[in-house]
Amino acid sequence: LHLYVLNGPNLNLLGTREPQVYGHQTLADVEALCQRTGRGYGFEVHCHQSNHEGDLVSWIHEAGLHHRSGHLAGIVLNAGAYTHTSVALLDAIKGTGVPLIELHISNVHARESFRHHSYIASAAKAVMCGFGVMGYGLAIDAIARWQETTT
Ligand code: DQA
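On a predicted model such as this, the values are computed, not experimentally measured, just so you know.

Trainee: Please give an account of the site of the ligand that cites residues and values.
Mentor: Around the ligand, the neighbouring residues are N10, N78, G80, A81, T83, H104, I105, S106, V108 and R115. Residue classes in the shell around the ligand are distributed as 3 nonpolar, 6 polar and 1 charged.

Here it is as structure tokens:
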């Protein structure tokens, strides 16, 4: 089963970017955590980051092909600022029907009001925020639990 961890714009700056908000761990640390956690459940883990909206759309489509053949465990998506702007990501999630967790490192509801609205939340299976980078591991734990309940 394939598991996708997709990170959007500016998440390549993790570790140096506003550490008081996002912590000191780098994207490489986060991806290593995801690989370790996902492999522990036997998933084939695909980690990608891009600052370009269309790349995220294309990876959701790629995951959608695995979903159609019954080989997708799920997607963890931190769309960064595109969360608050992107109808294209919403349409990609709806169009493929992929099981997806919307994730934010910070508690977006405790921040500026423009971060309170998500275009993608209505198409997500679950939404989580405020757990720091630990959230990625928790999200993968949750996806593994979905498998137990669906198989
Ligand atoms: C974020 C929150 C977004 O509002 C912000 O634009 C990000 C990161 C988070 O992980 O907390 O880039 O998604």
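On we go from here.
Trainee: Let's hear about the UniProt feature "active site" (unreviewed entry) in the protein chain: which residues, and what values?
Mentor: Using the residue numbers shown here, the UniProt feature "active site" (unreviewed entry) corresponds to Y22 and H104. The largest pairwise C-alpha distance within this set of annotated residues, which runs over 83 residues, is 9.5 Å, so the set is compact in three dimensions. Position of Y22 among the secondary structure elements: in helix α1 (residues 19-22). Excluding residues that lie within four positions of it along the chain, Y22 makes contacts with L14, R17, I105 and S106. Its location among the elements puts H104 in strand β4 (residues 100-104).

Trainee: A description of the nonpolar core should follow, citing residues and the corresponding values.
Mentor: Nonpolar side chains in soluble globular proteins generally cluster together in the buried interior. Of all hydrophobic cores here, the largest spans 35 residues; its most connected members are V5, L56, I60, I75, V76, L89 and Y136. Within the residue set of this core, elements represented by two or more residues are β1 (2-7), α2 (27-40), α3 (53-68), β3 (72-78), α4 (87-96), β4 and α5 (134-150). Excluding residues that lie within four positions of it along the chain, I75 makes contacts with Y4, L6, I60, A63, V98 and L100.

Trainee: So what's going on with unusual backbone geometry? Which residues, and what values?
Mentor: Notably, N10 is not glycine yet its phi reads approximately 75°, a positive angle. By the element assignment, N10 lies in the loop between β1 and α1. Despite not being glycine, E18 shows a phi value in the positive range, around 30°. Tracing the backbone shows E18 in the loop between β1 and α1.

Trainee: Talk me through the pairing of β1; I want residue IDs and the actual numbers.
Mentor: Among the 6 residues that make up β1, 5 are buried, leaving the element largely enclosed by the rest of the structure. Across 6 bridges, β1 lies against strand β2 (residues 44-49) in parallel orientation. Bridge pairing in β2 places L3 opposite V45. The sheet contact formed by β1 and β3 spans 6 bridges and is parallel. Bridge pairing in β3 links Y4 to I75.

Cut-offs and rules
- For every chain, the first residue of its written sequence is number 1, and the numbers climb from 1 along that sequence.
- pLDDT decides what is reported in this predicted model: residues at 70 or higher carry local features, side-chain atom pairs at 80 or more are listed and counted, and totals for whole chains, interfaces and linings draw on all residues regardless.
- Being near a molecule or strand means, for a residue, that its C-beta atom, positioned from the backbone, comes within 6 Å of it.
- Charged residues are taken to be Asp, Glu, Lys and Arg, nonpolar residues to be Ala, Val, Leu, Ile, Met, Phe, Trp, Tyr, Cys and Pro, and polar residues to be all remaining types, Gly included.
- UniProt positions are given in the numbering used here, feature names are shortened, and annotations may be inferred rather than shown by experiment.
- A run of H or I in DSSP counts as a helix once it spans at least four residues, and a run of E counts as a strand once it spans at least two, with each numbered from the N terminus.
- For the purpose of contact definition, each residue receives a C-beta atom placed from its backbone, and two residues are in contact when these atoms lie within 7 Å.
- In this description, a nonpolar core means buried residues of the types Ala, Val, Leu, Ile, Met, Phe, Trp, Tyr and Cys, linked to one another by C-beta atoms lying within 7 Å.
- Here exposure depends only on C-beta density: within 10 Å of a residue's C-beta, 20 or more other C-beta atoms make it buried, 12 or fewer make it exposed, and intermediate numbers make it partly exposed, the C-beta atoms being placed from the backbone.
- The pairing criterion is simple: DSSP has to find at least two bridges between the two strands.

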